[in-house]
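Each chain, written out:
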Amino acid sequence: MATLAFNREEIAARELRPELLEMDGISRASVEAHYKLYQGYVAKRNEILARLGEVDLGAANQVYSEVRALKTDLSFAIGGVKNHEIYFEHLGGGGGAPTGAVAALIERDFGSADAWRADLTATGMAARGWAWTAYDWDEQRLFNYLGDAQNTFPIWNATPLVALDVYEHAYFLDYQTDRASYIDAFLGNLDWGVVNDWVARYAVEL
Ligand SMILES: [Fe+2]
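Residues numbered from 1 in each chain as written. Predicted model: local features only at pLDDT ≥ 70, side-chain atom pairs only at ≥ 80, totals over all residues. Heavy atoms only, no water.

Enquirer: Pulling in residues and values, what's your account of the overall build of the protein chain?
Expert: In terms of helices and strands, the protein chain carries 7 helices and 3 strands. The order of helices and strands in the protein chain, counted from the N terminus, is α-α-α-α-β-β-β-α-α-α. Against the compact-globule benchmark of 17 Å for 206 residues, the protein chain has a radius of gyration of 18 Å, which places it among compact chains. Taken along the three principal axes of its C-alpha coordinates, the protein chain extends 60 × 40 × 30 Å. By element, 53% of the accessible surface of the protein chain is carried by carbon and sulfur atoms, the whole surface being about 10,800 Å². On the protein chain, the mean spot of the 17 positive side-chain charges and the mean spot of the 30 negative ones are 5 Å from each other. (Helix = DSSP H or I, 4+ residues; strand = E, 2+ residues; numbered from the N terminus. Rg over C-alpha atoms; globule rule 2.2 N^0.38 Å. Areas by Shrake-Rupley, 256 points an atom, 1.4 Å probe, with all protein chains shown as cover. Lys, Arg positive; Asp, Glu negative; His and termini not counted. Charge placed at Lys NZ, Arg CZ, Asp CG, Glu CD.)

Enquirer: Tell me about the sheet that holds strand 1 (residues 130-136), and name the residues and values.
Expert: Within a sheet, each strand pairs with its neighbour through backbone hydrogen bonds, oriented either parallel or antiparallel. Spatial ordering of the open sheet is given by 2-1-3, a layout of 3 strands whose pairing is antiparallel. This sheet does not close on itself; its edge strands, each paired only once, are strand 2 (141-147) and strand 3 (158-165). When the angles between neighbouring strand axes are averaged without regard to direction, this sheet yields 25°. Inspection of the sheet shows strand 1 paired to strand 2 by 7 bridges, in the antiparallel sense. Looking across to strand 2, one finds that Trp-132 is bridged to Tyr-145. Relative to strand 2, helix 4 (residues 113-126) is tilted by about 20°, and along the sheet it contacts strand 1, strand 2 and strand 3. (Pairing = 2+ DSSP bridges. Axes fitted to C-alpha atoms, helices over the stretch in contact; angles between N-to-C directions. Contact = heavy atoms within 4.5 Å.)

Enquirer: So what's going on with the coordination of the iron ion? Residues and values would help.
Expert: Those donors, His-34 (NE2), His-84 (NE2), Asp-165 (OD) and His-169 (NE2), are the protein atoms that reach the iron ion, and they lie 1.9 to 2.1 Å from it. In this structure, the iron ion is coordinated by 4 donor atoms arranged in irregular fashion, with angles at the metal of 87 to 142°. Here the donor residues for the iron ion map to a single chain with the spacing H-x49-H-x80-D-x3-H. Of the two residues, His-84 sits in helix 2 (residues 66-89) while His-169 sits in the loop between strand 3 and helix 5 (172-175), which places them 85 residues apart along the sequence. (Donors = N, O, S within 2.8 Å, 3.2 Å for Na, K, Ca; no water. Tetrahedral: all angles 85-135°; square planar, octahedral: opposite > 155°, others 65-115°.)

Enquirer: So what's going on with the pattern of salt bridges? Residues and values would help.
Expert: Applying the stated rule across the entire model yields 10 salt bridges. Between Arg-17 and Asp-191 there is a salt bridge; the shortest N-O distance is 3.0 Å. Of the two residues, Arg-17 is situated in the segment before helix 1 (28-52) and Asp-191 in the loop between helix 6 (179-188) and helix 7 (192-202); the sequence distance between them amounts to 174 residues. Linking Glu-32 and Arg-28 is a salt bridge whose minimum nitrogen-to-oxygen distance equals 3.0 Å. Remark: Arg-28 and Glu-32 occur in helix 1; sequence separation between them is 4 residues, near one turn of the helix. Overall, Glu-32 belongs to the partly exposed group, its relative accessible area being 35%. (Salt bridge = Lys/Arg side-chain N within 4 Å of Asp/Glu carboxyl O. Buried < 20%, exposed > 50% of the residue type's maximum accessible area, 1.4 Å probe, protein only.)

Enquirer: Can you explain the packing of aromatic side chains? Please cite residues and give values.
Expert: Here the structure, examined in full by the defined rule, presents 12 aromatic pairs. Measuring from centroid to centroid gives 5.4 Å for Tyr-87 and Phe-88, while their planes differ by 70°, and the two rings are edge-to-face. Judged by its relative accessible area of 2%, Tyr-87 is buried. Considering the side-chain rings of Tyr-135 and Trp-137, the 4.8 Å spacing of their centres and the 80° angle between planes classify their relative orientation as edge-to-face. Looking at Tyr-135, the relative accessible area reads 3%, which means it is buried. Residue Trp-137 is classed as partly exposed on the basis of its relative accessible area of 29%. (Phe/Tyr/Trp six-rings, centres within 6.5 Å; stacked < 30°, edge-to-face > 60°.)

Enquirer: Please set out the environment of Pro-98 residue by residue, giving values where relevant.
Expert: Inspection of the secondary structure assignment puts Pro-98 in the loop between helix 2 and helix 3 (100-110). A sequence separation of 73 residues divides Pro-98 from Gly-25, and the C-alpha atoms of the two residues are 19 Å apart. Beyond its immediate chain neighbours, meaning those up to four positions away, Pro-98 contacts Ala-103, Ile-106, Ala-113 and Trp-192.

Enquirer: Provide a residue-level description of the environment of Tyr-64, including the pertinent values.
Expert: Tracing the backbone through its elements, the reader meets Tyr-64 in the loop between helix 1 and helix 2. As for Tyr-64 and Thr-133, which are separated by 69 residues in sequence, their C-alpha atoms are 35 Å apart.

Enquirer: Pulling in residues and values, what's your account of the nonpolar core?
Expert: Judged by nonpolar contacts, the single largest core of 50 residues is most densely connected at Tyr-87, Trp-116, Leu-164, Tyr-182, Phe-186, Leu-190 and Trp-192. Not counting chain neighbours up to four residues away, the residues in contact with Tyr-182 comprise Ile-26, Tyr-87, Leu-164, Asp-165, Val-166, Ala-170, Tyr-171 and Tyr-175. Leu-52, Val-67, Leu-70 and Leu-74 belong to the second largest nonpolar core, which has 8 residues in total. (Core = buried A, V, L, I, M, F, W, Y, C linked by side-chain atoms within 4.5 Å.)

Written out as structure tokens, the structure reads:
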């Protein structure tokens, strides 16, 4: 049957910043175990795309088919890659109040850094997987979005600037079920310099 060559270039897992192994409140063991999960998402993304290169397109079916299964789980794998690349890249800093351009955006769209922090924390406590501070290019503002899994519920045309992982694997080793303390530790290790580099790269304007 008809197939299309959708083989893409394989991607490799990004290396961890050394600072991530020396954070206060999020242990090295926790980060190293977490990184292995991220490597797994990268491997599955590559595997699924290779499989899609050989799939029988003529057998596509909405109830069950290889195309459906592969494409559904591809969104989970790619979500796992992208979410964790943001997460790992913007940790390892000194936390505290936002600085620079992102501080001005947060002030404008949430009223204050404290209000942003309270809303992101609540979003993280209410989520089953992720809370993101993202910039919506259509509404031209920041919002704290809620995610349950790697592929739920991103918003089209919004760019995440903060990605708070609240899957239990992110904190159970260090905090058991005390997610609130983990969220405090996450915020205490954010690298606002990295977030501001993204704001500049994406050319988000006030
Ligand atoms: Fe994670």
